[in-house]
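# Fold and geometry: a report
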Amino acid sequence: MKRLLSGIKPSGDLNIGGYGGALHQFVKMQHEYECYFFVPDLHAVTVPQDPKELHQRSRDIAAFYMAAGIDPGKAVIFLQSQVPAHTELGWLLETQAHFGELGRMTQFKDKAEGKDTVSSALFTYPVLMAADILLYQATHVPVGDDQKQHLELTRDLAERFNRRFGDTFTLPEPVIQDIGSRIMGLDDPSKKMSKSNPNKGSYVLLLDSPDEIRKKFSRAVTDSDMQIRYDWEQKPAVSNLIEIYSVFSGEDIPVIEKRYEGQGYGTFKKELAEVVIEKLTPIQEKYREIVHSSELDQILKDGAERATAAAERTLTKVKQAMGFVTF
Ligand code: AQP
C-alpha cells in the first residue's frame, strides 16, 4: 500500500507558494495514496510564535486543506500536537542522530543566519520531521526543493535504526513535482516565496482580496526584455509567473507561452491575476464556512484518533526494539 504524509506549518498566513508546492498537490495525491495530512504546529514553534496567531493559523491550515478539496473521509487530517507519539519518537530518534549531520542542514544554517540566539528545537527540528514520517511508515513524502535534505536525513536515520535494532521503519521515497515545486517571491525570483518574509508584496495570500491580488501581480518584478518565455536561467522572474499561471490554470507551460507570444507583460500579469482569483474565490468561500465550525473540530478530533492508532503501533515497535519495558 502506498502511504503518504505531508503538512504545512502554521508559521504564517498561507500563500500561493504553499498552495502550489503543497496543497494543490495534496488534493491530487489523495486519490493515489492513503494520505495523512497534518498541521505541523510543533514545527512552527521552533521560532517564536504569538499564541493567538498560532491557534488561529493552525485552524486556518486545516480549514484550507478541506476548502481546497481534501476529503476527510479519505485522508486523515490532524494537528501534530494532538498526537503525543510525534514528540516521543522524536526524542528516541535524537539518540540516533549525529550532532554533525544536523549542523549540515542548510535550512538550519539559513534560518539561524544573523540571529543572536536560536532555539535548540530549530536545530533538532529535522529529527522531529523524521519522526512524523516514520511513525506512519509512509512510503512517499512530497517534498519541495528545500526539504530534500531533510528527507535524506529521515532515510539515514531509518536505515541506521533498522541496522542497529532490526527492521522497524519503512524507508520513504520523495515525490518531487516539477511544476510548483519552487514558487519564488514576487519581489525577488532568487528567493522562495515564504510565509515569514516581512515584505507583504513578496507573496499573494490565499485570503487576499481580488484587488490585493491584482495589485501584487501588477507590481511583481519582471525581466529586462519584454518576452513571455519560460527560461529560468535568463528570465527567472517571468518563468516564476508562468509557473504560477500553470499551477492555477492547470495548463501546460508551452500553451501559456504560445498564448502570450508577442504580448507585453501588462496583459500577461492582468490575466494571471484573474486566473489566480478564479481559483481562489471558491476556496476562500469554503474556508470561511469551515474555519469556525464545530465540523472542523470534529474532523480534527477524529483525525487525531485515527493518527494516534497508527502512530502508537510504530512507537510500541520502536520501544520494544530498543529494550524499553512495554505492557
Ligand atoms: N514558495 C514555495 N514554493 C513551492 N513549495 C513551497 N512550499 C512552501 N513554500 C513554497 C512547500 O510547502 C510545503 C509546506 O511548507 P511549510 O509551510 O511547512 O514550510 P516552509 O517550506 O518552511 O514554508 P515557508 O513559507 O518558507 O515558511 P516559513 O517562512 O515559516 O519557514 C513544503 O513541502 C514546502 O516545500
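An unreviewed UniProt entry annotates the chain as Tryptophan--tRNA ligase of Paenibacillus campinasensis. The UniProt entry for the chain carries the following text under Catalytic activity (unreviewed entry): "tRNA(Trp) + L-tryptophan + ATP = L-tryptophyl-tRNA(Trp) + AMP + diphosphate + H(+)". For the record of the chain, the UniProt heading Subunit (unreviewed entry) holds the text "Homodimer."

What follows deals with the overall build of the chain. Of regular secondary structure, the chain possesses 13 helices and five strands. Computed over the C-alpha atoms, the radius of gyration of the chain is 21 Å, within 12% of the 20 Å expected from 2.2 N^0.38 for a compact globule of 327 residues. Across its three principal axes, the chain shows a C-alpha extent of roughly 70 × 45 × 40 Å. Buried residues in the chain amount to 41% of all 327 residues. Looking at the chain alone, contacts between residues at least 24 apart form 75% of all its contacts between residues at least 6 apart.

Once that is clear, we can look at the domain arrangement of the chain. Here the chain is described as being made up of domain 1 (3-176 + 293-322) and domain 2 (200-288). Contact residues are listed per partner, giving twelve residues for domain 1 and eleven residues for domain 2. Element by element, the count of residues in the side of domain 1 that touches domain 2 is highest for helix H1 (residues 16-29), at five residues. Residue composition of the side of domain 1 that touches domain 2, by class: seven nonpolar, four polar and one charged.

Bringing the environment of Ile-16 into the picture now. By the element assignment, Ile-16 lies in helix H1. Sequence spacing of Ile-16 and Met-184 is 168 residues, and the spatial spacing of their C-alpha atoms is 9.8 Å. Residues within four places of Ile-16 in sequence aside, it is in contact with Ile-183, Tyr-203, Val-204, Leu-206, Ile-244 and Val-276.

Definitions and limits used
Residues numbered from 1 in each chain as written. Predicted model: local features only at pLDDT ≥ 70, side-chain atom pairs only at ≥ 80, totals over all residues. UniProt positions renumbered as here; feature names shortened; annotations may be inferred. Helix = DSSP H or I, 4+ residues; strand = E, 2+ residues; numbered from the N terminus. Rg over C-alpha atoms; globule rule 2.2 N^0.38 Å. Buried ≥ 20, exposed ≤ 12 C-beta atoms within 10 Å, placed from the backbone. Contact = placed C-beta atoms within 7 Å. Domains from an automatic or database assignment. Nonpolar A, V, L, I, M, F, W, Y, C, P; charged D, E, K, R; others polar.

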